[in-house]
Amino acid sequence: MRCSESVLVLTGSGPTQEMLDGAKDKLDAVTFRRAHHVVHEDARTIKAAEAFRKNDYETAGELMKQSHVSLRDDYAVSTTEIDALVEIANAAEGVYGSRITGGGLGGC
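Rules used throughout
Residues numbered from 1 in each chain as written. Predicted model: local features only at pLDDT ≥ 70, side-chain atom pairs only at ≥ 80, totals over all residues. Heavy atoms only, no water. Helix = DSSP H or I, 4+ residues; strand = E, 2+ residues; numbered from the N terminus. Buried < 20%, exposed > 50% of the residue type's maximum accessible area, 1.4 Å probe, protein only. Contact = heavy atoms within 4.5 Å. Areas by Shrake-Rupley, 256 points an atom, 1.4 Å probe, with all protein chains shown as cover. Core = buried A, V, L, I, M, F, W, Y, C linked by side-chain atoms within 4.5 Å. pLDDT = per-residue confidence, 0-100. Axes fitted to C-alpha atoms, helices over the stretch in contact; angles between N-to-C directions. Parallel < 35°, antiparallel > 145°, perpendicular 65-115°, else oblique. Left-handed = near helix turned anticlockwise from the far one by under 90°. Nonpolar A, V, L, I, M, F, W, Y, C, P; charged D, E, K, R; others polar. Patch = residues over 30% accessible without salt bridge, like charges linked within 9 Å, V, L, I, M, F, W, Y side chains within 5 Å. Salt bridge = Lys/Arg side-chain N within 4 Å of Asp/Glu carboxyl O. Polar contact = N/O pair within 3.5 Å; in protein donor to acceptor, adjacent residues only side chain to side chain. Expected span 1.5 Å × (residues − 1).

Some points on the overall build of the protein
- Of regular secondary structure, the protein possesses five helices and zero strands.
- In the protein, which comprises 108 residues, the share counted as buried stands at 30%.
- Counting only contacts in the protein whose residues sit at least 6 apart along the sequence, the fraction spanning at least 24 positions is 50%.
- Here the protein displays about 6900 Å² of accessible surface, and carbon together with sulfur accounts for 57% of that area.

Points about the nonpolar core
- Of all hydrophobic cores here, the largest spans six residues; its members are Leu71, Tyr75, Val77, Ile82, Val86 and Ile100.
- Membership of the second largest hydrophobic core comes to five residues, among which are Leu20, Leu27, Phe32 and Ala35.

A look at the confidence of the model for the protein
- Averaged over all residues, the pLDDT of the protein equals 86, while 81% of them reach at least 70.
- Mean pLDDT per element in the protein: helix α1 (residues 2-9) is the minimum at 55, and helix α4 (residues 57-73) is the maximum at 96.

Considerations on the packing of helix α3 (residues 29-53) against α4
- Following both chains from N to C, one finds α3 and α4 inclined at 165°, their axes separated by 9 Å at the closest point. Here α3 lies roughly antiparallel to α4, going by the angle between them. Crossing of α3 against α4: the hand is left-handed. Packed against α3, whose contacting residues are Arg33, His37, Glu41, Arg44, Lys47, Ala48, Ala51 and Phe52, the element α4 presents Tyr57, Thr59, Ala60, Leu63, Gln66, Ser67, Ser70, Leu71 and Asp73 at the interface.
- In the contact of α3 with α4, the residues fall into seven nonpolar, five polar and five charged.

Quick look at a nonpolar patch on the surface
- A grouping of Phe52, Tyr57 and Tyr96 is seen on the molecular surface, where their side chains present a nonpolar patch of about 300 Å² in accessible area.
- Along the chain, Tyr96 turns up in the segment after α5 (80-91).

Topic: the pattern of salt bridges
- Following the criterion strictly, the structure yields four salt bridges and no others.
- For Glu41, the salt bridge is made with Arg99, and the minimal N-O distance between the two is 3.4 Å. A residue pair is termed long-range when its members are at least 10 positions apart, and Glu41 in helix α3 and Arg99 in the segment after α5 qualify at 58 residues.
- According to the relative accessible area criterion, Glu41 is buried, its value standing at 14%.

Let's talk about the side chain of Glu41
- There is a polar contact of 3.4 Å between the side chain of Glu41 and the side chain of Arg99.
- Residue contacts for Glu41: discarding those within four places in its chain leaves Ser67 and Arg99.

A few points about α3
- The end-to-end C-alpha separation of α3 is 36 Å, in line with the 36 Å expected for 25 residues at 1.5 Å each.
- Buried within α3 we find Thr31, Phe32, Ala35, His37, Val39, Glu41, Arg44, Ala48 and Ala51.
- A side-chain oxygen of the first residue of α3 lies 3.0 Å from the backbone nitrogen of Val30; this N-cap is Asp28.

See the structure below:
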């Protein structure tokens, strides 16, 4: 329900941070954080696609790390175990970045 509330408030294509800031008083804190994630995840995805086209794996990896932090903190779909796996993966040699994928919440 919270996501649909965000969509109703953020109309138009490609919601921006400015649109979100303008709607902040219409959203509860959880919905605002989740909408914040969506706005910035869209921007990260566009930047990551550009980085991959340029074979800039460092930038793409950093964007994946930022994505995981946002999924964990703003969208609140990670778990302690998934966070540990992401941390282990990010520390491994040859890994540019990792993030949660799938439905979140540990598959629940």
